[in-house]
Amino acid sequence: MIRILKDRFSMYNNFEIIKQDVLKVDLNNLIKENDFKNTKIVANLPYYITTPIIMKLLEEKLNITSITVMIQKEVADRLTSTPGDKKSGAITYAVYYYATSEEILTVPNTSFIPEPEVESEVIKLTLRKEQPVKVKDEKKFFDLIKVAFMQRRKTLLNAVSNSNIGISKEKIEQVLQELGIDNKVRGEALTIEQFADIVERI
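Residues numbered from 1 in each chain as written. Predicted model: local features only at pLDDT ≥ 70, side-chain atom pairs only at ≥ 80, totals over all residues. Heavy atoms only, no water.

S.K.: Which residues make up the packing of aromatic side chains, and what values go with them?
M.R.: Evaluation of the coordinates by the stated rule reveals nine aromatic pairs. For the ring pair Y97 and Y98, a centre distance of 5.1 Å and an interplane angle of 85° mean the geometry is edge-to-face. Y98 carries the same exposure label as Y97, and that label is buried. Among the aromatic residues, ring-to-ring pairing joins Y97, Y98, F141 and F142 into one connected group. The lysine or arginine in question, R128, covers the ring of Y96, its NZ or CZ lying 4.7 Å from the ring centre. (Phe/Tyr/Trp six-rings, centres within 6.5 Å; stacked < 30°, edge-to-face > 60°. Buried < 20%, exposed > 50% of the residue type's maximum accessible area, 1.4 Å probe, protein only. Lys NZ or Arg CZ within 6 Å of the ring centre and 35° of its normal.)

Spelled out as structure tokens, the structure:
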């Protein structure tokens with residue numbers, strides 16, 4: 001494919017192929033070195049590493065304006081749902097924190113040869129200029145969300161007490177009481193604002 005693409009675009013001086021692993025390449029440096037403006041990422045992502053790629057693009061806080069990707073429809077539904085919805089997962093909160101999202105187009109499995117078993121979806125993430133909640137400790141914020149969804153059938157209280165994120169069950173119980181939240185609440189029922197409030201009080 002690289003040979004074919006180089007041949008096809010040989011007359012253009014604004015086209016460059018970089019053969020590297022996207023999870024290892026320093027994208028920040030690449031954007032700075034080339035002095036890219038209004039950078040947009042467009043890709044058909046490998047479905048088995050969709051989440052690590054999306055998280056790398058968001059967490060590295062690249063100087064980009066949007067990410068438009070084709071991914072498995074089931075994953076797309078999770079990425080574009082609203083925190084607290086029944087389809088939401090830990091990644092929903094991360095995407096919502098960094099970007100606004102929209103579903104662009106459903107791609108049926110009949111569009112591919114050979115046909116996969118799953119449908120696909122093109123989604124667009126537009127990077128936010130300002131986050132919807134303010135947290136001093138982003139790591140603790142996302143650690144708490146991950147723990148809540150790793151054991152989503154458990155209450156937040158039990159999920160935290162079975163984890164090693166350094167927050168005691170007693171502390172969470174106290175904070176939930178202060179915020180007027182039922183201590184039997186599951187993480188999936190909490191809004192991003194409530195997670196932010198919990199972490200800030202901790």
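S.K.: Give a detailed account of the nonpolar core, specifying residues and quantitative values.
M.R.: F141, L144, L156 and F195 are the most contacted members of the largest nonpolar core, which totals 54 residues. Looking at this core, the element that brings in the most residues is helix α6 (residues 138-150), giving seven residues. Contacts of F195, omitting those with residues within four sequence positions, involve Y93, F141, L144, I145, A148, L156, G187 and L190. (Core = buried A, V, L, I, M, F, W, Y, C linked by side-chain atoms within 4.5 Å. Helix = DSSP H or I, 4+ residues; strand = E, 2+ residues; numbered from the N terminus. Contact = heavy atoms within 4.5 Å.)

S.K.: Any chance you could break down a nonpolar patch on the surface for me, citing the residues and the numbers?
M.R.: Together, M11, Y12 and F15 make up an exposed nonpolar region whose accessible area comes to about 390 Å². Tracing the sequence through the fold places Y12 in the loop between α1 (2-8) and α2 (27-33). (Patch = residues over 30% accessible without salt bridge, like charges linked within 9 Å, V, L, I, M, F, W, Y side chains within 5 Å. Areas by Shrake-Rupley, 256 points an atom, 1.4 Å probe, with all protein chains shown as cover. Salt bridge = Lys/Arg side-chain N within 4 Å of Asp/Glu carboxyl O.)

S.K.: So, the packing of helix α5 (residues 90-98) against α6: which residues are in play, and what are the values?
M.R.: α6 packs onto α5 with a crossing angle of 150° between their chain directions and a minimal axis gap of 8 Å. Viewed along their axes, α5 and α6 adopt a mutual orientation that is roughly antiparallel. Contact with α5, carried on its side by A90, Y93, A94, Y97 and Y98, involves E138, F141, F142, I145, K146 and F149 of α6 and no other residues of that element. When the residues that make up the contact of α5 with α6 are grouped by side-chain class, the tally is nine nonpolar, no polar and two charged. (Axes fitted to C-alpha atoms, helices over the stretch in contact; angles between N-to-C directions. Parallel < 35°, antiparallel > 145°, perpendicular 65-115°, else oblique. Nonpolar A, V, L, I, M, F, W, Y, C, P; charged D, E, K, R; others polar.)

S.K.: Explain the pattern of salt bridges to me, using residue names and the numbers behind them.
M.R.: Taken as a whole and judged by the stated rule, the model has ten salt bridges. Between D77 and K73 there is a salt bridge; the shortest N-O distance is 3.1 Å. Pair noted here: D77 and K73 are both in helix α4 (residues 73-80), with a separation of four residues, about one helical turn. Residues D143 and K139 are paired through a salt bridge, measuring 2.8 Å at the closest nitrogen-oxygen approach. Taken together, the positions of D143 and K139, both in helix α6 and four residues apart, correspond to about one turn of that helix. Because the salt bridges share partners, they merge into one network encompassing K73, D77, K87 and E121.

All quantities given are derived from atomic positions and should not be read as evidence of function.
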